[in-house]
Amino acid sequence: GESVGLHLPTLSVQEGDNSIINCAYSNSASDYFIWYKQESGKGPQFIIDIRSNMDKRQGQRVTVLLNKTVKHLSLQIAATQPGDSAVYFCAENTGGSYIPTFGRGTSLIVHP
Amino acid sequence: GAVVSQHPSWVICKSGTSVKIECRSLDFQATTMFWYRQFPKQSLMLMATSNEGSKATYEQGVEKDKFLINHASLTLSTLTVTSAHPEDSSFYICSAPTSRYNEQFFGPGTRLTVL
């Protein structure tokens, strides 16, 4: 059943603002990181990825930053839109494994 | 991108019955697929790895006799929840990796409600 006390952190922003979603990962040996977006009642959707030999990667309106020193990953969304409202998960892979380990998730709420 | 489908998208069943959930890779072959469950407002928890042509690998704490997995072909994996109970009610999601480095595609999920 559901674990008591585990609630997703929430980030509320206004439409047009930039959003920054943070993630602390656990394994210093992880070498590949992915951000997923999950809308209500749907499966996760790939947003952007980054390998450990990089510290920044940009996509369309999204940027992922990786700080291996403190094991921190962030997702920046520029000009946030109501359609960006969803839960965002970071995930880490280690040593070529196909199996990502998912982080806790952050709920992004965009107010029009 | 690659497409993974699941069927059904939702199912309601009585306690004690069994429910089968299908996961298909529509435009690529997947020798491996993964099954996750997700409780409300929580992250995805890996249940098992489905392997085409061999037995599934279950994560610690997941009962293999309760969650039967069959990887019948390179495009189909099934998860059967046997003798379902209300605590099995959850969102079940499958995924499959493609040939690209570690990239996985997720199915849309199946909402199981056990009464």
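1. Here's the deal with the sheet that holds strand 5 (residues 56-58) of chain A
Residue and element names in this part refer to chain A.
Consideration 1: With respect to topology, four strands assemble into an open sheet ordered 2-7-6-5, the strand pairing being antiparallel. Looking at the sheet topology across the chains shown, the edges are occupied by strand 2 (19-24) and strand 5. Looking at each pair of strands side by side, their axes are set apart by 15° on average, direction ignored.
Consideration 2: Relative to strand 7 (residues 72-77), strand 6 (residues 62-67) runs antiparallel, the two sharing six bridges. Opposite Leu65, over in strand 7, you have Ser74 as the bridge partner.

2. Some remarks on the interface of chain B and chain A
Consideration 1: Of the residues lining the interface, 23 residues belong to chain B; the matching set on chain A comes to 26 residues.
Consideration 2: Buried surface at the junction of chain B and chain A, summed over both partners, amounts to about 2,100 Å²; 56% is from carbon and sulfur atoms.
Consideration 3: Counting every contact that joins chain B to chain A gives zero salt bridges.
Consideration 4: Applying the counting rule to chain B against chain A returns three residue pairs in polar contact (both at pLDDT 80 or more).
Consideration 5: Mapped onto the side of chain B that touches chain A, the elements with two or more residues apiece are strand 4 (32-38), strand 5 (45-51), strand 9 (90-97) and strand 10 (104-106) of chain B.

3. Considerations on the packing of aromatic side chains
Consideration 1: Applying the stated criterion to the full structure yields eight aromatic pairs over all chains.
Consideration 2: Consider the rings of Tyr25 of chain A and Phe33 of chain A, whose centres lie 4.5 Å apart with planes at 50°: the pair is tilted. Each member of the pair, Tyr25 of chain A together with Phe33 of chain A, is buried.
Consideration 3: Aromatic rings pair up to connect Tyr36, Phe89 and Phe102 of chain A together with Tyr36 and Phe106 of chain B into one cluster.

4. Details of the sheet that holds strand 1 (residues 4-7) of chain B
All names here are of chain B.
Consideration 1: Ordered by their spatial adjacency, four strands build an open sheet running 1-3-8-7, and the pairing between neighbours is antiparallel. Edge positions in the open sheet fall to strand 1 and strand 7 (67-73), since each of these has one partner strand only. Across this sheet, the average inter-strand angle for adjacent strands is 20°, counted without regard to direction.
Consideration 2: Bridge count for strand 7 against strand 8 (residues 76-81) is five bridges, and the pairing is antiparallel. Paired with Ser73 across the bridge in strand 8 is Leu76.

5. Quick look at a nonpolar patch on the surface
Consideration 1: Together, Trp10, Ile12 and Leu115 of chain B make up a nonpolar patch on the protein surface, roughly 380 Å² of accessible area in all.
Consideration 2: Among the secondary structure elements, Trp10 of chain B is positioned in strand 2 (residues 10-13).

6. Re the state of the cysteines
All names here are of chain B.
Consideration 1: Scanning all chains against the criterion turns up two disulfides over all chains.
Consideration 2: Covalently, Cys23 is tied to Cys94 through a disulfide, its sulfur atoms 2.0 Å apart. When the S-S torsion is 80°, as for the bridge of Cys23 with Cys94, the disulfide is right-handed. Of this pair, Cys23 sits in strand 3 (residues 19-25) while Cys94 sits in strand 9, and the two are 71 residues apart along the sequence.

7. A closer look at the confidence of the model for chain A
Consideration 1: Residues of chain A with pLDDT of at least 70 account for 93%, and the chain-wide mean is 90.
Consideration 2: Ranking the helices and strands of chain A by mean pLDDT puts strand 6 of chain A first, with 98, and strand 9 (residues 101-102) of chain A last, with 90.

8. Some points on the environment of Asp27 of chain B
Residue and element names in this part refer to chain B.
Consideration 1: Mapped onto the elements of the fold, Asp27 is located in the loop between strand 3 and strand 4.
Consideration 2: Considered as a pair, Asp27 and Asn70 are 43 residues apart in the sequence and their alpha carbons are 20 Å apart.
Consideration 3: At a separation of 3.1 Å, a polar atom in the side chain of Asp27 contacts the main-chain amide nitrogen of Val3.

9. Quick look at unusual backbone geometry
Consideration 1: Cis peptide bonds are those with omega within 30 degrees of zero, and the linkage from His7 of chain B to Pro8 of chain B qualifies with 0°.
Consideration 2: Summarising the element assignment, Pro8 of chain B is placed in the loop between strand 1 and strand 2.
Consideration 3: One non-glycine residue with positive phi stands out, namely Arg61 of chain A, at about 65°.
Consideration 4: Inspection of the secondary structure puts Arg61 of chain A in the loop between strand 5 and strand 6.
Consideration 5: The backbone of Lys71 of chain A sits at a positive phi, close to 55°, despite the residue not being glycine.
Consideration 6: One can find Lys71 of chain A in the loop between strand 6 and strand 7.
Consideration 7: What makes Lys71 of chain A partly exposed here is its relative accessible area of 27%.

The rules behind these values
- Residues numbered from 1 in each chain as written.
- Chains lettered and ligands numbered in written order.
- Predicted model: local features only at pLDDT ≥ 70, side-chain atom pairs only at ≥ 80, totals over all residues.
- Heavy atoms only, no water.
- Pairing = 2+ DSSP bridges.
- Helix = DSSP H or I, 4+ residues; strand = E, 2+ residues; numbered from the N terminus.
- Axes fitted to C-alpha atoms, helices over the stretch in contact; angles between N-to-C directions.
- Contact = heavy atoms within 4.5 Å.
- Buried area = accessible area lost by both parts, 1.4 Å probe.
- Salt bridge = Lys/Arg side-chain N within 4 Å of Asp/Glu carboxyl O.
- Polar contact = N/O pair within 3.5 Å; in protein donor to acceptor, adjacent residues only side chain to side chain.
- Phe/Tyr/Trp six-rings, centres within 6.5 Å; stacked < 30°, edge-to-face > 60°.
- Buried < 20%, exposed > 50% of the residue type's maximum accessible area, 1.4 Å probe, protein only.
- Patch = residues over 30% accessible without salt bridge, like charges linked within 9 Å, V, L, I, M, F, W, Y side chains within 5 Å.
- Areas by Shrake-Rupley, 256 points an atom, 1.4 Å probe, with all protein chains shown as cover.
- Disulfide = S-S within 2.5 Å.
- pLDDT = per-residue confidence, 0-100.

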